[in-house]
Amino acid sequence: MCSEVLAVAYSPFLSWAMLMKQKTTQKDVCYTMRCHKERWGGRLFFFATVMPVALVLIIFVALLLRTRPILEAKSISELLLGQVWLPFQGEFGFFPFIMGTLWVTAVALILAVPLCLLSAIYLSEYSRPSTVALMKPVLDLLAGIPSVVYGVWGMLAVVPAVQKFIAPLLGKWLGSISLFSSDNPTGFSILSGGIVLAVMVAPVIISVAYEVMRTVPFGMREASLAVGATQWQTIRYVVMPQAMPGIVAAVVLGLSRAMGETMAVLMVVGNVANKLPRSIFDPAYPLPALIANNYGEMMSIPLYDAALMGAALVLMLVVVIFNVISALILRQILRRSGQ
Amino acid sequence: MKKRLNRQTLEEAIFKGLAGGAFLIMAAALFFILVTVLVKGLPALNWQMLTQVPTAGYYVGKEGGILNAILGSLYLAAGGTLLALLLSLPIALYLEVYARGTRWANMVRLSMDVLWGIPSIVYGAFGFTLMLALGMRASLLGGIITLALVELPIMTRAMDEVIRLIPFELKEVSYALGSTRLETAMKVVFRQMLPGIVTAMLLAFGRGIGDAASVLFTAGYTDRVPTSLLRPVASLPLAVFFQLGTPYPEVQQRAYAAALILTLIIMFVSLGSRWIAGRLSQNVIK
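Conventions and cut-offs
- Residues numbered from 1 in each chain as written.
- Chains lettered and ligands numbered in written order.
- Predicted model: local features only at pLDDT ≥ 70, side-chain atom pairs only at ≥ 80, totals over all residues.
- Helix = DSSP H or I, 4+ residues; strand = E, 2+ residues; numbered from the N terminus.
- Buried ≥ 20, exposed ≤ 12 C-beta atoms within 10 Å, placed from the backbone.
- Contact = placed C-beta atoms within 7 Å.
- Expected span 1.5 Å × (residues − 1).
- Nonpolar A, V, L, I, M, F, W, Y, C, P; charged D, E, K, R; others polar.
- Axes fitted to C-alpha atoms, helices over the stretch in contact; angles between N-to-C directions.
- Parallel < 35°, antiparallel > 145°, perpendicular 65-115°, else oblique.
- Left-handed = near helix turned anticlockwise from the far one by under 90°.
- Domains from an automatic or database assignment.
- Core = buried A, V, L, I, M, F, W, Y, C linked by C-beta atoms within 7 Å.

### Focus: the overall build of chain A
For step 1, the next point in the chain: A tally of helices and strands in chain A yields 13 helices and two strands.
For step 2, the next point in the chain: The buried share of chain A, taken over its 339 residues, is 46%.
For step 3, the next point in the chain: When contacts within chain A are restricted to residue pairs at least 6 apart in sequence, those whose partners lie at least 24 apart make up 78%.

See below:
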């Protein structure tokens, strides 16, 4: 993986070198139109493939350049660990926003992962083929529903439910634990954001985990059942260990989706700056919401736009690292199973 | 022995119940979303919403509709999809026909994974930076370019998956007849992956039309129907978002209706892509 990352970093030079090589090794001259077409078609297609590789670099460099003014004014630790966000006074601390992102993502995953994995197990091992045939298009459709629609659902259903039922009840039973104590009467909270996100990433996690479990050869299941194991024992001791790397990758994929999600979270999470969340009923202000909410006014205050672009850069780096890891694992698994 | 068997069957029953229960909960939650949007949106939906642009007092509850946002979203998503198609088709063909199994192909796929993972808000911020550098203002063109960037990895990945299913023998036959790589790519591989291309386009179109975070910076918002590439343009997700943010219940009602319209478009696209793929794949050699 390391060498591949390096290769991406050097890609513009590499691609140029490859093109040169192509030119010099193909000494034979083209006489026919077909030959010219073939050669120029190849070059044209090749330049199209340079685009994505270059784009990764360009996005990174462009955001870095825009972030530079604030990196020169403040140290990185000051930015990442600073707790105060007052753009008018030149205070740009990302820490509460980073924590907000982490809290919401963590709540979403704690809710989503067990339910999604059990659902995937049900679909892959227990259910009838007709159930799968029915659920697949539904999962595809749900994975495609815009985040703003999930946000509307969150405001209509989740926020009132948290406000009227979940927060008072949990506060009464478990209020002594600070994680569940509630002094936020609105319902716009980390828990609401987490529930909406959990439902949003569910179709992705379920369908990827299902695909991965299907790649476990049926002969292995049959062998396990033949020596007298129950179906659950087969799942527990045969299917799960085989599918584990892929399941981890599915979860990481969901995690990176959840971290970068903007609109749905923005609509239900409360967006209160300068406050470190202590309980799941506190409001939070994740990084994507920060960028989306403030782009309008960022040009008028010095360093403000640099700070917001810095937030975008931090978000991108974190999400991309998770995503690439999961993509590499998944690709290997699906390739090995011959798909 | 008897006891042990009982424990096993109990364990089996518990976990089967748990898995089934989890599946029911997830299915119910996902179904609940569609029902909520339908129940809230349907009463507010009327002909006027679909055919008129907002009037002066629209955002305090007066007459008007969201034709500007519907058309704007269609323009944005269609433009973005076409632009992304122009790039992703040569990329997919090159990876399969010209650079099959090379290091460069692996690198391009890796960078596609990176691009796929970048959140759309980051694309929005990048598009905004790009437009500042070029001296452009929020416009249809800016939105189209940013959406094309968002859709490019989705489309390429979808095509890449289809193109791999094409039997290798088919290409061997084409080469054996003396055709060049370009001719094989355009006349054999392209036709074989046509259903895949249509599916990929519709998938990307659906993703593009629902994406709010990237057009927030780059396309702006306006009450007029777009007439030029260089003017700002409204979009459905932002229409939902802005109308929901107003304190007037009538306007919020319209946000629900707009969300319903958006969901219906997505459903239509999703079902349509299945239908078209089914129709077209009759001619594909497997």
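### Observations concerning helix α9 (residues 194-210) of chain B
For step 1, the next point in the chain: Here α9(B) is 17 residues long and its end C-alpha atoms lie 25 Å apart, about the 24 Å a rise of 1.5 Å per residue gives.
For step 2, the next point in the chain: Most of α9(B) sits inside the fold, with 15 of its 17 residues counted as buried.

### Here we look at the interface of chain A and chain B
For step 1, the next point in the chain: Contact residues are listed per partner, giving 72 residues for chain A and 71 residues for chain B.
For step 2, the next point in the chain: Examining the composition of the side of chain A that touches chain B, we find that 19 residues originate from one element, helix α3 (residues 33-73) of chain A, more than from any other.
For step 3, the next point in the chain: For the side of chain A that touches chain B, the class distribution of residues is 53 nonpolar, 13 polar and six charged.

### Considerations on the packing of helix α5 (residues 120-134) of chain B against helix α6 (residues 140-164) of chain B
Residues and elements named next belong to chain B.
For step 1, the next point in the chain: Two elements in contact, α5 and α6, have axes separated by 10 Å at closest approach and are oriented at 140 degrees. Overall, the two elements α5 and α6 adopt an arrangement that is oblique. Seen from above, α5 lies across α6 with right-handed handedness. Here Ser120, Tyr123, Gly124, Gly127 and Met131 of α5 come into contact with α6, specifically with Gly142, Ile145, Thr146, Leu149 and Val150.
For step 2, the next point in the chain: Class assignment of the residues belonging to the contact of α5 with α6 gives a composition of five nonpolar, five polar and no charged.

### As for the environment of A:Met263
For step 1, the next point in the chain: By secondary structure assignment, the location of A:Met263 is in helix α11 (residues 263-268).
For step 2, the next point in the chain: Here A:Met263 is in contact with A:Ser147, A:Val148, A:Gly151, B:Ala212, B:Ala213, B:Pro237 and B:Phe241, once residues within four sequence places are set aside.

### Describing the environment of A:Arg221
Residue and element names in this part refer to chain A.
For step 1, the next point in the chain: Here Arg221 shows up in helix α9 (residues 218-226).
For step 2, the next point in the chain: A tally of 18 C-beta atoms within 10 Å means that Arg221 is categorised as partly exposed.
For step 3, the next point in the chain: Excluding anything up to four places from it in sequence, Arg221 contacts Thr234, Val238 and Val239.

### Considerations on the domain arrangement of chain B
For step 1, the next point in the chain: Entries for chain B in the domain assignment read domain 1 (2-36) and domain 2 (51-283).
For step 2, the next point in the chain: Placing the centre of domain 1 of chain B and that of domain 2 of chain B at their C-alpha centroids yields a distance of 38 Å.

### Focus: the nonpolar core
All names here are of chain A.
For step 1, the next point in the chain: In terms of nonpolar packing, the biggest core is built from 200 residues, with Ala209 and Ala312 touching the most fellow members.
For step 2, the next point in the chain: Tallying contributions element by element places helix α8 (residues 190-214) first for this core, with 18 residues.
For step 3, the next point in the chain: Setting aside residues up to four positions removed in sequence, Ala209 forms contacts with Cys116, Leu117, Ala120, Ile247 and Ala250.

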